[in-house]
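Coordinates in review
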Amino acid sequence: MAREDAHTSGLYAKRPLVVVRGEGAVLWDEDGREYVDCVGGQGSANLGHGNAAVADALAAQARTLASCTELFYNDRRAELYDTLTAILPRELDRLFLCNSGTEAVEAALKFARMATKRTGVVATMRGFHGKTMGALAATWGPEYREALGGPALFPGTTHVPFNRTDALEGAIGADTAAFIVELVQGEGGVRPASREFVAEAARLCRDRGALLVIDEVQTGFCRTGTMFAIEQYGVVPDLLCLAKSIAGGVPMGLVAFSRALGDLPKRSHSTTFGGGPLACAAAIAAIGEMRRLDLARSARERGAQLMDGLRAVRSDRVREVRGLGLLCGIELKENAAPTIRALQDRGVLTLGAGPTVVRYLPPLVITAAQIDRVVAATAKVLAA
Ligand SMILES: *Cc1c(COP(=O)(O)O)cnc(C)c1O
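Residues numbered from 1 in each chain as written. Predicted model: local features only at pLDDT ≥ 70, side-chain atom pairs only at ≥ 80, totals over all residues. Heavy atoms only, no water.

Concerning the side chain of Glu 106
You can see Glu 106 is positioned in helix 5 (residues 101-116). No salt bridge is formed by the buried Glu 106. Its closest oppositely charged neighbour is Lys 110, at 7.2 Å. Within the structure, the side chain of Glu 106 is placed 2.5 Å from the side chain of Thr 132, a separation counted as a polar contact. Contact partners of Glu 106, with chain neighbours within four places excluded, come to Thr 132, Met 133, Gly 134 and Ala 135. (Helix = DSSP H or I, 4+ residues; strand = E, 2+ residues; numbered from the N terminus. Buried < 20%, exposed > 50% of the residue type's maximum accessible area, 1.4 Å probe, protein only. Lys, Arg positive; Asp, Glu negative; His and termini not counted. Salt bridge = Lys/Arg side-chain N within 4 Å of Asp/Glu carboxyl O. Polar contact = N/O pair within 3.5 Å; in protein donor to acceptor, adjacent residues only side chain to side chain. Contact = heavy atoms within 4.5 Å.)

Focus on the domain arrangement of the chain
By the assigned domains, the chain splits into domain 1 (2-51 + 294-383) and domain 2 (52-292). Domain 1 and domain 2 are separated by 25 Å when their C-alpha centres are compared. Between domain 1 and domain 2, the residue contacts involve 30 residues of the former and 33 residues of the latter. Both sides of the domain 1 and domain 2 interface together cover about 2,300 Å² of buried area, and 53% of this is carbon and sulfur. Of all residues in domain 1, Asn 51, Leu 324 and Leu 327 give up the largest surface area on contact with domain 2, accounting jointly for 27% of the area buried on that side. For the interface between domain 1 and domain 2, the tally reads one salt bridge. Arg 359 serves as the salt-bridge partner of Glu 187, at 3.3 Å between the closest nitrogen and oxygen. At the surface where domain 1 touches domain 2, the tally comes to 24 residue pairs in polar contact (both at pLDDT 80 or more). Of the residues belonging to the side of domain 1 that touches domain 2, the class tally is 15 nonpolar, ten polar and five charged. (Domains from an automatic or database assignment. Buried area = accessible area lost by both parts, 1.4 Å probe. Nonpolar A, V, L, I, M, F, W, Y, C, P; charged D, E, K, R; others polar.)

Comments concerning the site of the ligand
Surrounding the ligand, one finds Ser 100, Gly 101, Thr 102, Phe 128, His 129, Gly 130, Glu 182, Asp 215, Val 217, Gln 218 and Lys 244. Phe 128 is positioned such that a nitrogen or oxygen atom in its backbone is 3.3 Å from a nitrogen atom of the ligand. Here Lys 244 contributes a side-chain N or O atom positioned 2.6 Å from an oxygen atom of the ligand. Protein coverage of the free-state accessible area of the ligand, which is 380 Å², stands at 81%. (Near = heavy atom within 4 Å. Areas by Shrake-Rupley, 256 points an atom, 1.4 Å probe, with all protein chains shown as cover.)

Observations concerning the pairing of strand 10 (residues 211-215)
Judged by how many residues are buried, strand 10 sits mostly within the fold: five of five residues are covered. Alternating positions in strand 10 separate into two faces, Leu 211, Val 213 and Asp 215 on one and Leu 212 and Ile 214 on the other, with burial throughout. With four bridges joining them, strand 7 (residues 176-181) and strand 10 adopt parallel strand pairing. The residue bridging Phe 179 from the neighbouring strand is Leu 212, located in strand 10. (Pairing = 2+ DSSP bridges.)

Re the layout of surface pockets
Here the second largest pocket defines a volume of roughly 870 Å³. For the second largest pocket, the lining is made up of 23 residues, of which Glu 70, Leu 95, Phe 96, Lys 266 and His 269 are closest to its centre. Within the lining of the second largest pocket, the residues separate by chemical class into nine nonpolar, seven polar and seven charged. (1 Å grid on protein atoms, 1.4 Å probe; cavity = no way out; pocket = protein on both sides within 12 Å on 5 of 7 lines; lining within 4 Å. Points joined across faces, edges and corners; volume = space filled by probe spheres on them.)

Brief notes about the environment of Gly 43
In this structure, Gly 43 sits in helix 2 (residues 40-43). Given the relative accessible area of 2%, Gly 43 is considered buried. Aside from chain neighbours lying at most four places away, what touches Gly 43 is Lys 244, Ser 245 and Leu 361.

Structural notes on helix 10 (residues 277-292)
In this model helix 10 runs 22 Å from its N-terminal to its C-terminal C-alpha over 16 residues, within 8% of the 22 Å that 1.5 Å per residue would give. The buried fraction of helix 10 amounts to twelve of the 16 residues, a majority that puts the element mostly inside the structure. Those residues of helix 10 not exposed but buried are Pro 277, Ala 279, Cys 280, Ala 281, Ala 282, Ala 283, Ile 284, Ala 285, Ala 286, Ile 287, Glu 289 and Met 290. The secondary structure elements touched by the buried residues of helix 10 are helix 3 (52-64), helix 4 (75-87), strand 4 (94-98) and helix 11 (295-311). Asp 294, located one to two residues past helix 10, shows a positive phi value of around 50°. (Expected span 1.5 Å × (residues − 1).)

Listed below in structure tokens is the structure:
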């Protein structure tokens, strides 16, 4: 910890815990103490820690060819395109590969502006889309941009109240390039979107020539009980942003988009590492494992077990339990930090989602017995 503290950027609020090893849904610290991991790499570890298929694919590809930019064609990239288009909606058959969630959002917003020749972006309050300059325009949280120059930083971007269907009509207009939304707000407090809200946004975008961007960076890859949450909402966006768990823990992001956007100007966007063979090999293996292990079903079954368990916790400190699949949150009537700390002391790692929500984002390979441990620890901590 001292060696990190000597050189850290200082940007992260860290917990004093040194995590050195993981297997499935379990993590170990440097003293060999065991934790049930409900942080799940903040959404990047859906497949669980130490997956052998991903490790083998990475090692083999690293020995064969690690670097190959999109200046050339590559066999692994072609294979990943086939893998992805087999699980995505038929309409979304063009892919841009990058390296993180915020980069996927950057690309989607750029593509939307280029395709519509409009500049407006409409996002939602409490939405989270990343923190690089472009994506930050869509991210809610004035505190993230105060030090950068405040609201004037992103003219043309507006935020509507999440799930307020009647607010969309006046917001999406003739100058709107994109409406961007998460189907479950993750960072913003584990808040599922209503079907009406999403359907009305899709209708207004269609009628007014704006593009619908759905950010599934956190909800994608089986987290909510289906490969993608759009399947449960019965909506196909014009652009879909994915990242986090796509490559089994290796950094990767992507935008899947519709041919209806037309041709994007050559060289208007690019990234050196995007679509590199190492990350592609990891993603092919990771998606194969998600399907082989039927993680969508695990998310439904273990998610129902967790949600039922948390709902049965008797505590007058709880305001609400909500979520979708294995993306669950307990909203407390108080600050969540002491509860998160107390859970860690009992061997369960969770994370916050806004000031009052305890968020559970475990690897989807978590077992029924491990969920029982999580629920029991939560009941103890909230009863105290
Ligand atoms: C985490 C997240 C992002 C940002 O992804 P990074 O890889 O951290 O840049 C964007 N959108 C959503 C919904 C996220 O949960």
